[in-house]
Every structure is written in C-alpha cells, then in structure tokens.
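So you can see what is in the structure, the chains are spelled out below.
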Amino acid sequence: MSASDSDSDSSLHNNSIISQFTKQAIPYSKRHNISNENELKQLVELINVNRNDIVLDLACGPGIVSSAFAQIVNHVTGIDLTPAMIEQAKILQKEKGLTNITWKIGDVAKRLPFDNNSFSIVITRYSFHHLLDPFSVLREMERVCDPASQGRVAVVDITIDPEKVDAFNQMEKIRDPSHVRALTFKELESMMQEVGLTNLKTGHYKVAHQLDEHLQASFPENQEYIDTIRTIFAEDIGKNRLGLEIHLEEGNSIHFTTPITIMVGEK
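What you see is a predicted model; the values in this text were computed from it and never measured. (Residues numbered from 1 in each chain as written. Predicted model: local features only at pLDDT ≥ 70, side-chain atom pairs only at ≥ 80, totals over all residues. Heavy atoms only, no water.)

Peer 1: So what's going on with the pattern of salt bridges? Residues and values would help.
Peer 2: Inspection of the entire model under this criterion finds 12 salt bridges. Of the charged contacts, one joins Asp 212 and Arg 230 as a salt bridge, the two residues approaching to 3.1 Å between their closest N and O atoms. Of this pair, Asp 212 sits in helix α8 (residues 211-218) while Arg 230 is found in helix α9 (residues 223-235), placing the two residues 18 residues apart along the sequence. For Asp 212, a relative accessible area of 37% corresponds to the partly exposed category. We note a salt bridge from Arg 241 to Asp 236, for which the minimum N-O separation is 3.4 Å. Judged by relative accessible area, which is 45%, Arg 241 ranks as partly exposed. (Salt bridge = Lys/Arg side-chain N within 4 Å of Asp/Glu carboxyl O. Helix = DSSP H or I, 4+ residues; strand = E, 2+ residues; numbered from the N terminus. Buried < 20%, exposed > 50% of the residue type's maximum accessible area, 1.4 Å probe, protein only.)

Peer 1: A description of the environment of Lys 90 should follow, citing residues and the corresponding values.
Peer 2: Tracing the chain through its elements places Lys 90 in helix α4 (residues 83-96). Distance from Lys 90 to Trp 103, taken between C-alpha atoms, is 7.9 Å for residues 13 residues apart in sequence.

Peer 1: Hey, could you go over the packing of aromatic side chains for me, with residue numbers and the actual values?
Peer 2: By the definition in use, this model includes 2 aromatic pairs. On the numbers, 5.2 Å between centres and 90° between planes, the contact of Phe 114 with Phe 119 is edge-to-face. For Phe 119, a relative accessible area of 5% puts it in the buried group. When the centroid spacing of 5.0 Å and the interplanar angle of 65° are considered together, the rings of Phe 233 and Phe 256 count as edge-to-face. Here Phe 256 lies in strand β8 (residues 253-266) and Phe 233 lies in helix α9, a separation of 23 residues in the sequence. Residue Phe 233 shares its accessibility class with Phe 256, and that shared class is buried. (Phe/Tyr/Trp six-rings, centres within 6.5 Å; stacked < 30°, edge-to-face > 60°.)

Peer 1: So what's going on with the environment of Phe 135? Residues and values would help.
Peer 2: Mapping Phe 135 onto the fold places it in helix α5 (residues 134-144). Classification of Phe 135 as buried rests on a relative accessible area of 18%. For the pair formed by Phe 135 and Glu 194, sequence separation is 59 residues and the distance between their alpha carbons is 9.1 Å. Leave out the neighbours within four places in its chain, and Phe 135 touches Met 191, Glu 194 and Val 195. (Contact = heavy atoms within 4.5 Å.)

Peer 1: Go over the nonpolar core with me, naming the residues and quoting the values.
Peer 2: Residues Leu 43, Ile 47, Phe 69, Ile 123, Val 156, Phe 233 and Leu 244 are the most contacted members of the largest nonpolar core, which totals 47 residues. Apart from the residues within four sequence positions on either side, Leu 43 is in contact with Val 65, Phe 69, Ile 123, Val 156 and Ile 262. One finds Leu 131, Met 141, Val 144 and Leu 197 within the second-largest nonpolar core, a separate group that totals 25 residues. (Core = buried A, V, L, I, M, F, W, Y, C linked by side-chain atoms within 4.5 Å.)

Peer 1: Outline α4, listing residues and values.
Peer 2: Between its first and last C-alpha, α4 extends 20 Å over 14 residues, near the 20 Å set by a 1.5 Å rise per residue. When α4 is considered as a whole, its buried residues turn out to be Met 85, Ile 86, Gln 88, Ala 89, Leu 92 and Gln 93. One side of α4 carries all its buried residues, which in axial view fall inside an arc of 160°. Exposed residues on α4 whose side chains face more than 90 degrees from its buried face are Lys 94 and Glu 95. Looking at the residues trailing α4, positive phi occurs at Gly 97, about 65°. (Expected span 1.5 Å × (residues − 1). Arc of directions from axis to C-beta.)

Peer 1: Got a sec to walk through unusual backbone geometry? Specific residues and values, please.
Peer 2: Unusually for a residue other than glycine, Asn 240 sits at a positive phi of about 60°. Counting through the fold element by element, Asn 240 comes out in the loop between α9 and β7 (247-249). With phi around 60°, Asn 252 is a residue other than glycine that occupies positive phi space. Structurally, Asn 252 is set in the loop between β7 and β8. Classification of Asn 252 as exposed rests on a relative accessible area of 61%.

Shown next, in the form of structure tokens:
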C-alpha cells in the first residue's frame, strides 16, 4: 500500500469516527454504564493516581475519565478527534467546577503534539478498537510518558477471547462502522511489552447493557442493520459465541455484558 493510499484510508476512517461520535456525543455522555463510579475508582486505584500527576487522556470522548482524574491530580489534558465530544467534555468540566483541565481537538493516530516525557500518566479508554493501528498509538503514548515521574501508560478496552473475537468484530462492524477490531488480552499484553513497558498490572470488569438501549445510543445506519444485530444476539443466547454472555431478563428483554481489561505498564 502506498503512502497516499494509507492517508486516504486514514482520512476515510476519521470521517467515520467523527460522523459516528458526533451523533453519539450527547447520549454517550449520559450513559450510566460509561461513567460508573466503581469502575472509575478501580481505574484510579490500579494506576495509583495521585495529586502530583500530570495526565494525558487520549480519545477522551466526553471527558468522563479526564474529569474523574482532575479531581485528584495536578492537571489533565484531554484530546479527541470529534469536536462534539470535546463540547460535551467542557460541559462536564463546568458541571464539576474543575479548572485544571485543558482540551484539545486532534488526531491521536498521528504524532501527538506533545514533547517527549511530558506526562506522568498517559491513558486511553474504549478507543483501541476504533484505531487502524493501535500499536503506533501505544508507541506515542510511551514516548510522551515521563519515566522520571514514575510514568504509567494505561489502556482500557474491550478484550474478547481468541476463539470469539472474529464473530464479535463482524457483528460490531455492522452496529458501528467506526469499529476496526477488538483485541484479545494476549494481543494487548504483547503490545505493551513490545513498546517497552514493564511491571504490567491488569484489572477486569464487565459493562452491562440492554440491547435496545445500546442500539438506540449507537445509531446504526438503518432498520435492516438493527434487525440483523437483533437476530445475531437472539441466536447467541445460551451459546456465547460472541463472548458477551447474552441472556434474557424481564419481559424477554435482551441483555449482555462487555468484558473490559485495564492494563497498566511502567516506563
């Protein structure tokens, strides 16, 4: 593939992300399962966040992690490709009365606009499955992380069992055209080690969803796609081929859980 072809693919993919998350900005920011306090507390504890930290939050979305960390640390910089997400992040910051956050609109898949060793914590949550080249982004995260301040790099994302990940990715691309590929735990671990991060620590949790609410918030392009996804989920009840523990609750409502890994490494 030529450089021009690669640039074209990247531009098309960025347009897909901006389109999808501009539509999702408000409902995404309001979803209780995205801002769960217990999950954020687990994240803070595993990373060992403290008041001296200078934090970079990549693909920060509506600023949920940035705002949670800003209540503890010295300063947070949040960067995201989608202007509508940054607008929601500013609203959340104002609601919480935080003055120690800086927001930037930018493409985290390119060289980050920060010097080497600029941050003691570099984190991204729920972004890697949207990236064409997550390894290059992880290298940039490592580059701007400062070893002199006990630098930590943290990735929080969906991880699916190896035998189920292909089926999951196929379904997810129907639901969300900005989805690229979920990683397995081993793939994420190997990436962290390959960029030179050490003393890896991991945590896990599951995010619960009701299917119709999930679809409403993610704006599939047409009713045919919605019907296809519902069929896929219904056929997986009791089989777990997608790795989502799909099941029925009251009134035959379809529910499922998304497995999430927190992985933290030291520079």
